[in-house]
Amino acid sequence: MPLHVPPAPAPALRTVLAALGSPTAVREARTPSLRAAQGPVRPELPLPVHVLDQVTEATGPSRTRLTGWRFLIRCGERAVAAADTRLTPDGWAFSHFFEGPYVTATERALRQAEALAPHHQPRLLSVPELYMLTLWLHGDPAADPATGHPAADDILVPLAPAPPGIAAHRPHRVAELLPVLTHRLTPAAIVA
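Residues numbered from 1 in each chain as written. Predicted model: local features only at pLDDT ≥ 70, side-chain atom pairs only at ≥ 80, totals over all residues. Heavy atoms only, no water.

Draft legend 1. Here's a closer look at the sheet that holds strand β1 (residues 41-53). Read across the sheet, eight strands follow the order β4-β3-β2-β1-β5-β6-β7-β8 without closing on themselves; strand pairing throughout is mixed. Every interior strand has two partners, whereas the edge strands, β4 (91-98) and β8 (172-173), have only one. Where β1 lies against strand β2 (residues 63-75), eleven bridges are found, and the strand directions are antiparallel. Following the sheet pairing, Pro48 is matched in β2 by Trp69. Across the sheet, helix α1 (residues 10-20) is in contact with β1, β2, β3 (78-88) and β4; its angle to β4 comes to roughly 45 degrees. Each of β1, β2, β3, β4, β5 (121-127), β6 (132-138) and β7 (155-158) touches helix α4 (residues 101-116); the most contacted strand, β6, lies at about 25 degrees to it. (Pairing = 2+ DSSP bridges. Helix = DSSP H or I, 4+ residues; strand = E, 2+ residues; numbered from the N terminus. Contact = heavy atoms within 4.5 Å. Axes fitted to C-alpha atoms, helices over the stretch in contact; angles between N-to-C directions.)

So this is what it looks like as structure tokens:
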């Protein structure tokens, strides 16, 4: 059963298609695999990218905000790169192409999620304070992908490379993982 991948905003997709059609954008991208792709490339599996802010309890409850949409760029049967878009005051804009471990880790986590939680909506959740990216499986597949906060029963799958002490590709309920993140980011009390 496939995941309920939400459709990306049409203007975000158009900016990625325009960048893929631009020889300058592809040639100047720091993605050798995209430049070397043999055959047509296409954006697939759009995922909203949310950032988790204020993870520590001392600063109040955590919150999320949509920062963009990420598209895996496929050539043949595999993803060779990804494209990020961002929301600007003038609407959606292409940000950049990239490749590396998060591209293959995202593909792997999505395959894992199809078996684990097929009735969930996939999103990406970034925790910048830990240099961590997770696949966020939101329990409401009909939810607006641009809004929301991870619910206690939602599932987070840390992508590789994960921070030390957090296993990549091991699914966690938000209620289990968020306290671990909070503990890691809370400064230790100094005992005099």
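Draft legend 2. Spotlight on the pattern of salt bridges. The tally for this structure, following the rule as stated, stands at five salt bridges. Here Glu44 and Arg74 are joined by a salt bridge, their closest N and O atoms 2.6 Å apart. Linking Glu44 in strand β1 with Arg74 in strand β2, this pair joins segments that are 30 residues apart in sequence. By relative accessible area, which is 24% here, Glu44 ends up partly exposed. By relative accessible area, which is 11% here, Arg74 ends up buried. Of the charged contacts in the structure, one is a salt bridge between Arg70 and Asp84, with a shortest N-O distance of 2.6 Å. Remark: Asp84 occurs in strand β3 and Arg70 occurs in strand β2; sequence separation between them is 14 residues. Connected via shared salt-bridge partners are Arg42, Glu44, Arg74 and Glu107. (Salt bridge = Lys/Arg side-chain N within 4 Å of Asp/Glu carboxyl O. Buried < 20%, exposed > 50% of the residue type's maximum accessible area, 1.4 Å probe, protein only.)

Draft legend 3. How the structure looks around the nonpolar core. Ranked by internal contacts, the top residues of the largest apolar core, which has 20 residues, are Leu124, Leu135, Leu137 and Leu159. Among the secondary structure elements, those contributing two or more residues to this core are β1, β3, α4, β6 and β7. Here this core takes five residues from α4, the largest share from any one element. In this structure, Leu124 is in contact with Leu47, Pro48, Val49, His50, Arg70, Leu133, Thr134, Leu135, Trp136 and Leu159, ignoring residues within four places of it in sequence. Counting 17 residues, the second-largest nonpolar core is a separate cluster that includes Val26, Leu34, Phe71 and Ala81. (Core = buried A, V, L, I, M, F, W, Y, C linked by side-chain atoms within 4.5 Å.)

Draft legend 4. Representation of the side chain of Arg123 in the model. Its place among the elements puts Arg123 in strand β5. In this structure, Arg123 is buried with no salt-bridge partner, the nearest side chain bearing the opposite charge being Asp144 at 6.3 Å. At 3.0 Å, the side chain of Arg123 forms a polar contact with the backbone oxygen of Asp144. Among the polar contacts listed, one links the side chain of Arg123 to the backbone oxygen of Thr147, at a separation of 2.8 Å. Excluding residues within four positions of it along the chain, Arg123 makes contact with Leu47, Pro48, His50, Thr134, Leu135, Trp136, His138, Ala143, Asp144, Pro145, Thr147 and Gly148. (Lys, Arg positive; Asp, Glu negative; His and termini not counted. Polar contact = N/O pair within 3.5 Å; in protein donor to acceptor, adjacent residues only side chain to side chain.)

Draft legend 5. Broad picture of the pairing of β6. For β6, the tally of buried residues reaches seven of seven residues, placing the bulk of the element in the interior. Side chains of β6 alternate between two faces, with Met132, Thr134, Trp136 and His138 and Leu133, Leu135 and Leu137 buried alike. Summarising the sheet, β5 and β6 pair through seven bridges and their orientation is antiparallel. Within β6, the position partnered with Leu124 by the bridge is Leu135. A loop of four residues connects β5 with β6, the two strands running antiparallel in sequence, and Tyr131 in this loop sits at a positive phi of about 50 degrees.

Draft legend 6. Geometry of the pairing of β3. In terms of burial, β3 is largely enclosed, as eight of its eleven residues are buried. Bridge analysis of β2 against β3 gives eight bridges, and the strand direction is antiparallel. Bridging from a neighbouring strand, Gly68 pairs with Arg86 of β3. Linkage of β2 to β3, two consecutive antiparallel strands, is achieved through a turn of two residues, within which Gly76 is found at a positive phi near 70 degrees. In the sheet, β3 pairs with β4 via seven bridges, with the strands oriented antiparallel. The residue bridging Asp84 from the neighbouring strand is His96, located in β4. Here β3 hands over to β4 after two residues, the two strands then running antiparallel side by side.

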